[in-house]
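The chain contents come next:
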Amino acid sequence: MLGEVIKWIIYVLLVVLLSYNIYLSVEMTKFKRRSLVRSVEELSQMETQMIAELSKTKRKWSLLEQTLFLIAIFMAFKGKQIEVAFFIDLYTVASIVTNKLTYQIFRILALRD
C-alpha cells in the first residue's frame, strides 16, 4: 500500500517538475530575446566575480545533471520503471537549478535602464 502511494508521488512529482522546467526554459528564452547583453568591458569587477562564481556552480550542477541522466538511462535497461522515474525526477531538479543559474547570469549581463 505504502509502495503504491510512493510510486504515485514520484510520478506526480515528475509531471510537476517537468512542467516547471519547461515553463522556466520558455521564460528564460523570452528574457534572452528581449534583453540586450553588455560586453565584458562594461561589467564591473564585482559583476565579473559574480558571473565567475555562478558559472563555477553551474558547471557542478551540470555535471550532476549529466550523471543523473546517465544513471536514469542505465536504470531504463537494468532497473524498474519507478527507479527510472526517480532518477528522472532528480535529473529534472538539477536541470531546474542549472536553468535558474543561467537565468541569474543573463540578468547580470543584461543592460540596465
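Since the structure is predicted, the reported quantities are computational estimates derived from the model, not experimental observations. (Residues numbered from 1 in each chain as written. Predicted model: local features only at pLDDT ≥ 70, side-chain atom pairs only at ≥ 80, totals over all residues. Heavy atoms only, no water.)

A. Broad picture of the overall build of the protein chain. For the protein chain, the count of helices and strands is three helices and zero strands. Helices and strands appear in the protein chain in the N-to-C order α-α-α. Its C-alpha atoms give the protein chain a radius of gyration of 18 Å, more than 25% over the compact-globule value 13 Å for 113 residues. With the principal axes as the frame, the protein chain shows a C-alpha extent of 60 × 25 × 20 Å. Within the protein chain, the fraction of its 113 residues that count as buried is 30%. (Helix = DSSP H or I, 4+ residues; strand = E, 2+ residues; numbered from the N terminus. Rg over C-alpha atoms; globule rule 2.2 N^0.38 Å. Buried < 20%, exposed > 50% of the residue type's maximum accessible area, 1.4 Å probe, protein only.)

B. Inspection of the pattern of salt bridges at higher detail. All told, the structure shown has three salt bridges when counted by the stated rule. Across the pair Arg-38 and Glu-47 runs a salt bridge whose closest N-O atoms are separated by 3.0 Å. Like Glu-47, Arg-38 is buried. (Salt bridge = Lys/Arg side-chain N within 4 Å of Asp/Glu carboxyl O.)

C. Here's a closer look at a nonpolar patch on the surface. Taken together, the side chains of Met-1, Leu-2, Val-5, Ile-6 and Ile-9 define a hydrophobic patch exposed on the protein surface, amounting to about 560 Å² of accessible area. Here Ile-9 is to be found in helix α1 (residues 2-34). According to the relative accessible area criterion, Ile-9 is exposed, its value standing at 52%. (Patch = residues over 30% accessible without salt bridge, like charges linked within 9 Å, V, L, I, M, F, W, Y side chains within 5 Å. Areas by Shrake-Rupley, 256 points an atom, 1.4 Å probe, with all protein chains shown as cover.)

D. View of the environment of Ser-95. Turning to its location among the elements, Ser-95 is positioned in helix α3 (residues 81-109). Setting aside its immediate chain neighbours within four residues, Ser-95 contacts Asn-21 and Glu-65. A distance of 3.1 Å separates the side chain of Ser-95 from the side chain of Asn-21, its partner in a polar contact. (Contact = heavy atoms within 4.5 Å. Polar contact = N/O pair within 3.5 Å; in protein donor to acceptor, adjacent residues only side chain to side chain.)

E. Representation of α1 within the structure. End to end, α1 covers 48 Å across 33 residues, agreeing with the expected 48 Å (1.5 Å per residue, within 8%). Buried within α1 we find Ile-10, Leu-14, Leu-17, Asn-21, Leu-24, Met-28 and Phe-31. (Expected span 1.5 Å × (residues − 1).)

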